[in-house]
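Structural characterization, general
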Amino acid sequence: MAAVELNSVWKIYAGDVSAVKDVNLSIESGEFVVLVGPSGCGKSTTLRMIAGLESISKGEISIGDRVVNDVAPKDRDIAMVFQNYALYPHMTVEKNIAFSLKISGMPKDEINKRVQNVSEVLGLHDLLKRKPGALSGGQRQRVALGRAIARDPKVFLFDEPLSNLDAKLRVAMRTEMKSLHQRLATTTVYVTHDQEEAMTLGSRLVVMNAGQIQQVGTPIDIYNNPTNRFVAGFVGSPAMNFIEGKLQVKAGQTRFSRNGFDIFTGSVSNLPDTESDAVMGIRPQSILLASEGSSDSIPAKVDQVEPLGDQMDIKIRIHDDIAMIARVPLQTGVAAGSDIHIAYDSGKIHFFESHAEGTRINRGAE
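Attention in this report is confined to the structure presented alongside it. Note that the structure is predicted; figures quoted are calculated from it, not measured.

1. Topic: the packing of aromatic side chains
Here the structure, examined in full by the defined rule, presents seven aromatic pairs. Judged by centre distance (5.7 Å) and plane angle (40°), the ring pair of Phe-158 and Tyr-190 falls under tilted. Highlighted residues: Phe-158 in strand β7 (residues 155-159) and Tyr-190 in strand β8 (residues 187-192), separated in sequence by 32 residues. An identical accessibility class is assigned to Phe-158 and Tyr-190; each is buried. For the pair Phe-256 and Phe-351, a centre-to-centre distance of 5.7 Å together with 40° between the ring planes defines the contact as tilted.

2. Re empty space enclosed by the protein
Counting across every chain of the model gives two cavities of 30 Å³ or more. What the largest cavity holds in volume is close to 90 Å³. Only α4 (137-150), β7 and α5 (167-184) provide two or more residues apiece to the lining of the largest cavity. For the lining of the largest cavity, the leading source of residues is α5, giving four residues. Taken together, the residues of the lining of the largest cavity sort by class into nine nonpolar, three polar and no charged.

3. Some words on the nonpolar core
Ranked by internal contacts, the top residues of the largest apolar core, which has 42 residues, are Val-34, Ile-97 and Tyr-190. The greatest single-element share of this core, amounting to six residues, is contributed by α4. Not counting residues up to four positions away in its chain, the partners in contact with Ile-97 are Val-115, Val-118, Leu-124, Leu-128, Val-143, Gly-146, Arg-147 and Ala-150.

4. Comments concerning the pairing of strand β2 (residues 17-27)
Pairing of strand β1 (residues 4-13) with β2, which is carried by seven bridges, proceeds in the antiparallel orientation. Each residue of the ladder has a partner; that of Tyr-13, found in β2, is Val-17. Hairpin connection from β1 to β2: three residues lie between these consecutive antiparallel strands, with Gly-15 at a positive phi of about 85°.

5. Points about the pattern of salt bridges
The full count for this structure, using the stated rule, is 15 salt bridges. Close ionic contact of Arg-114 with Glu-110 constitutes a salt bridge, the shortest N to O distance being 3.1 Å. Taken together, the positions of Arg-114 and Glu-110, both in helix α3 (residues 108-122) and four residues apart, correspond to about one turn of that helix. Among the ionic pairs, Asp-303 bridges to Arg-317, the shortest N-O distance being 2.6 Å. Remark: Arg-317 occurs in strand β17 (residues 311-318) and Asp-303 occurs in strand β16 (residues 298-308); sequence separation between them is 14 residues. Among the charged side chains, a salt-bridge network with shared partners connects Lys-11, Arg-48 and Glu-54.

6. Considerations on the sheet that holds strand β5 (residues 66-67)
With respect to topology, four strands assemble into an open sheet ordered β2-β1-β4-β5, the strand pairing being antiparallel. At either margin of the open sheet sits one strand with a lone partner, and together these are β2 and β5. With two bridges joining them, strand β4 (residues 58-63) and β5 adopt antiparallel strand pairing. Each bridged residue has a counterpart across the sheet, and for Ser-62 the counterpart in β5 is Val-67. Sitting on the sheet, helix α1 (residues 43-51) is in contact with β1, β2 and β4, with an inclination near 115° to β1.

7. A short note on the packing of helix α2 (residues 93-103) against α3
Contact geometry for α2 and α3: axes closest at 10 Å, N-to-C directions at 135°. If you check the angle between α2 and α3, you find them oblique. Crossing of α2 against α3: the hand is right-handed. Where α2 approaches α3, its residues Glu-94, Ile-97, Ala-98, Leu-101 and Lys-102 are matched on the opposing element by Ile-111, Arg-114, Val-115 and Val-118. Residue classes in the contact of α2 with α3 are distributed as six nonpolar, no polar and three charged.

8. Things to note about the environment of Arg-48
Summarising the element assignment, Arg-48 is placed in helix α1. By relative accessible area, which is 27% here, Arg-48 ends up partly exposed. Arg-48 sits 234 residues away from Ile-282 along the chain, and the two C-alpha atoms are 36 Å apart. Setting aside residues no more than four positions away along its own chain, Arg-48 makes contact with Leu-53, Glu-54, Met-80 and Phe-82.

The rules we used
- Sequence order sets the numbering: in each chain, residues are counted from 1 along the sequence as written.
- At least 70 in pLDDT is required for a residue's local features to be given in this predicted model, at least 80 for side-chain atom pairs to be given and counted, and no such filter applies to totals for whole chains, interfaces and linings, which use all residues.
- Side-chain figures throughout are based on the complete set of non-hydrogen atoms in the structure, without hydrogens or water.
- Two rings belonging to Phe, Tyr or Trp (six-membered ring only in the last case) form a pair when the distance between their centres is within 6.5 Å. Interplanar angles under 30 degrees mark stacking, angles over 60 mark edge-to-face geometry, and anything in between is tilted.
- Strands are runs of DSSP state E lasting at least two residues, helices are runs of H or I lasting at least four, and both sets are numbered from the N terminus onward.
- Here's how the labels work: a residue is buried when its accessible area is under 20% of the maximum for its type, exposed when over 50%, partly exposed in between, all with a 1.4 Å probe on protein chains only.
- Here a cavity means grid points, on a 1 Å grid over the protein atoms only, where a 1.4 Å probe fits yet cannot get out; a pocket means an open set of points with protein on both sides within 12 Å along at least five of seven lines; lining residues are those with an atom within 4 Å of a point.
- Grid points are joined across faces, edges and corners, and a volume is the space filled by probe spheres set on the points.
- Side-chain classes follow a simple rule in which Ala, Val, Leu, Ile, Met, Phe, Trp, Tyr, Cys and Pro form the nonpolar group, Asp, Glu, Lys and Arg form the charged group, and the remainder, Gly included, forms the polar group.
- Side-chain atoms within 4.5 Å link the members of a nonpolar core, which is a set of buried Ala, Val, Leu, Ile, Met, Phe, Trp, Tyr and Cys residues.
- Note on definitions: a residue-residue contact is assigned when non-hydrogen atoms from the two residues lie within 4.5 Å.
- We call two strands paired when DSSP finds no fewer than two bridges between them.
- Salt bridges are defined as contacts in which a side-chain nitrogen from Lys or Arg sits within 4 Å of a carboxyl oxygen from Asp or Glu.
- What counts as an axis is a line fitted to C-alpha atoms, over the stretch in contact for a helix, and the angles between N-to-C directions run from 0 to 180 degrees.
- The cut-offs work like this: below 35 degrees is roughly parallel, past 145 is roughly antiparallel, 65 to 115 is roughly perpendicular, and the gaps in between are oblique.
- By convention the crossing between two helices is left-handed if the near helix lies anticlockwise of the far one by an angle smaller than a right angle, and right-handed if it lies clockwise.

This is the structure in structure tokens:
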């Protein structure tokens, strides 16, 4: 195991195009860190720079106590698993797992021992004599994992390894990978665009956008305390609802309003009276169905209903120009076209500045 350190790392392509901008990140030994963000955000480029497959334009990367800027990929003591598995089609599973060990000059007895150990851990023992063409997608992925594990590296690097699997198999492989990390405790850096996958696997998330780190933290902390509007909208499913309007602080209370939509959003003790443009954010799971006439309930119209097992997502309109998604229990019996009343927990409402970056607004002690 080894720690990984990125200090002011940049990747600049021809034409002064910055794919990664001033990334600073400390990954502790044994951690499972997930780089997550939309396509083109710089996460895979960052991973490839750690691996040595991309050169570093500026900055410094360390693995353990060694700066690896000028160290060849094969000498960094890392193992990488790719999206397409990168198996040798003419080799058996056994030979695929053993190949890098053979190239390194490891004794044959030790290679056989490692292949057997890996095949037992990953349930590959009955597949060792097959070639990749005779395997399912999930089996190929396990072989790619086995090849990485057999090397016993200081760091595992995963570049969207589950994206080619169907939905059911992805869930099963997530569970398998998490269990594997708990057993091996090897430092792991994992890249995905799937925020649900990131939330499930990572001990810490690194949310990236436009080549920059937006927030680093545990999945729960990022979900509950997003630092800006991008993070709030990207992490969580369904996505957070956003409403543009006015945030008013008066006599120790905050209210949010827009075109007749006016709600109490909390009490504060240390802010002066103000009014400013703001964006209110509330997660679909934080919107509740309420009885007509109940305290602070808001009338709404149901436009669309999407059943999801024991839950359903409902698209609602408030005052005609405000659209939101709410996730509610299926047994409520809400139907498209019906009139309902909703309520909310003021402690779960977020506010962001109205400019494009949308930094979260601290409303003070509540």
